[in-house]
Structure formats: C-alpha cells, structure tokens
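# Per-entry structural report
Chain by chain, the residues run as shown.
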Amino acid sequence: MKFRPLHDRVLVRRIEGIEKTAGGIIIPDTAKEKPQEGEVIAAGAGVKNEDGKLTPLDVKAGDRILFGKWSGTEVKVDGEDLLIMKESDILGIIEGTPASKKKVA
C-alpha cells in the first residue's frame, strides 16, 4: 500500500466483531454495529509543537486500538475500506493481543 498519513493522522482497518451471540444466534449484517476496534496500518510522523520540534505519535503500525463510534473519515484505499483519523480520536491501545490474529471478514 502506498499511502502515508500526514502529521497526527493514522490509517486504521476495522477489526470485525463477533458474528453470533453466546447462545448461538447469528447476527445479520443489518443488525450489526460498526466495530470500534481496529488495527493501525500507517501513522504520520507526528505534530510540531510551538518550538518547531516534532512530537512523535504514541501509536504505530500494527497496534490494536479502540476508537469512538463516529471517529474518523471512511476512505477506500487499494479497494479496501479504511478509516483516517487523528490520534486524538483514539481512545486507547489494546495490549497483549496482536491485531494481525483477527482478520477482517
């Protein structure tokens, strides 16, 4: 992929949620909510502070993150639906489970 976010923006791939309940009921696509979990695909260099020094981002490619329900802008890059959002829209990083283990359906 040849896309590089600028400044404090990150490119995120949504990680799909569970498709059936604990009781075994399959949830149809029309009833599912958009996942609020994703994997950072690419991150910008950071933000320049008042002194002109670059402050790097806290997230990096490969991090698994949580973000707000209405965060980011949906874009299509190389035929894949992704999100571009500012680092401030990210609520936190999920540690301990690599994002690459969960694939988008």
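Just so it is clear, the structure is predicted and the values come from calculations on it, not from any experiment. (Residues numbered from 1 in each chain as written. Predicted model: local features only at pLDDT ≥ 70, side-chain atom pairs only at ≥ 80, totals over all residues. Heavy atoms only, no water.)

The sheet built from six strands is open, its strands ordered β6-β7-β1-β2-β5-β8 with antiparallel pairing. Each edge of the open sheet carries a strand with a single partner, namely β6 (73-77) and β8 (90-94). Between one strand axis and the next, the sheet turns by 45° as a mean value, whatever way the strands run. Two elements, β6 and strand β7 (residues 80-86), share five bridges in a ladder whose sense is antiparallel. When the bridges of β7 are listed, Thr73 appears paired with Ile84. (Pairing = 2+ DSSP bridges. Helix = DSSP H or I, 4+ residues; strand = E, 2+ residues; numbered from the N terminus. Axes fitted to C-alpha atoms, helices over the stretch in contact; angles between N-to-C directions.)

So, on to the pairing of strand β5 (residues 64-67). Inspection of the sheet shows strand β2 (residues 37-43) paired to β5 by three bridges, in the antiparallel sense. Across the sheet, Glu39 pairs through a bridge with Arg64, a residue of β5. Relative to β8, β5 runs antiparallel, the two sharing four bridges. Among the inter-strand pairings, Arg64 is bridged to a residue of β8, identified as Ile94.

Attention now goes to the pattern of salt bridges. Tallied over the entire structure, the rule returns seven salt bridges. Residue Glu39 pairs with Arg13 through a salt bridge whose shortest N-O separation is 3.5 Å. Remark: Arg13 occurs in strand β1 (residues 9-14) and Glu39 occurs in strand β2; sequence separation between them is 26 residues. Counted as one network, the salt bridges with shared partners bring together Arg13, Glu39 and Glu80. (Salt bridge = Lys/Arg side-chain N within 4 Å of Asp/Glu carboxyl O.)

Judged by nonpolar contacts, Val10, Val12, Val40, Leu57, Val59, Ile65, Phe67, Leu83, Met85 and Ile90 together constitute the single largest core of ten residues. When residues of this core are traced back to their parent elements, those giving at least two are β1, β5 and β7. Leaving out residues up to four positions away in the same chain, Ile90 has contacts with Val10, Val59, Ile65, Leu66 and Met85. (Core = buried A, V, L, I, M, F, W, Y, C linked by side-chain atoms within 4.5 Å. Buried < 20%, exposed > 50% of the residue type's maximum accessible area, 1.4 Å probe, protein only. Contact = heavy atoms within 4.5 Å.)

Here the focus is unusual backbone geometry. In this structure, His7 is a non-glycine residue whose phi angle is positive, near 55°. Position of His7 among the secondary structure elements: in the segment before β1. One non-glycine residue with positive phi stands out, namely Asp78, at about 55°.

For Asn49, the position within the fold is in the loop between β3 (47-48) and β4 (54-55). The partly exposed category is assigned to Asn49, whose relative accessible area is 34%.

With that out of the way, let us pick up the environment of Thr55. By the secondary structure assignment, Thr55 is in strand β4. When its relative accessible area of 40% is taken as the criterion, Thr55 is described as partly exposed. For the pair Thr55 and Ala45, spaced ten residues apart in sequence, the C-alpha to C-alpha distance is 8.2 Å. Apart from the residues lying within four places of it in its own chain, the contact partners of Thr55 are Ala45, Gly46, Val47 and Asn49.

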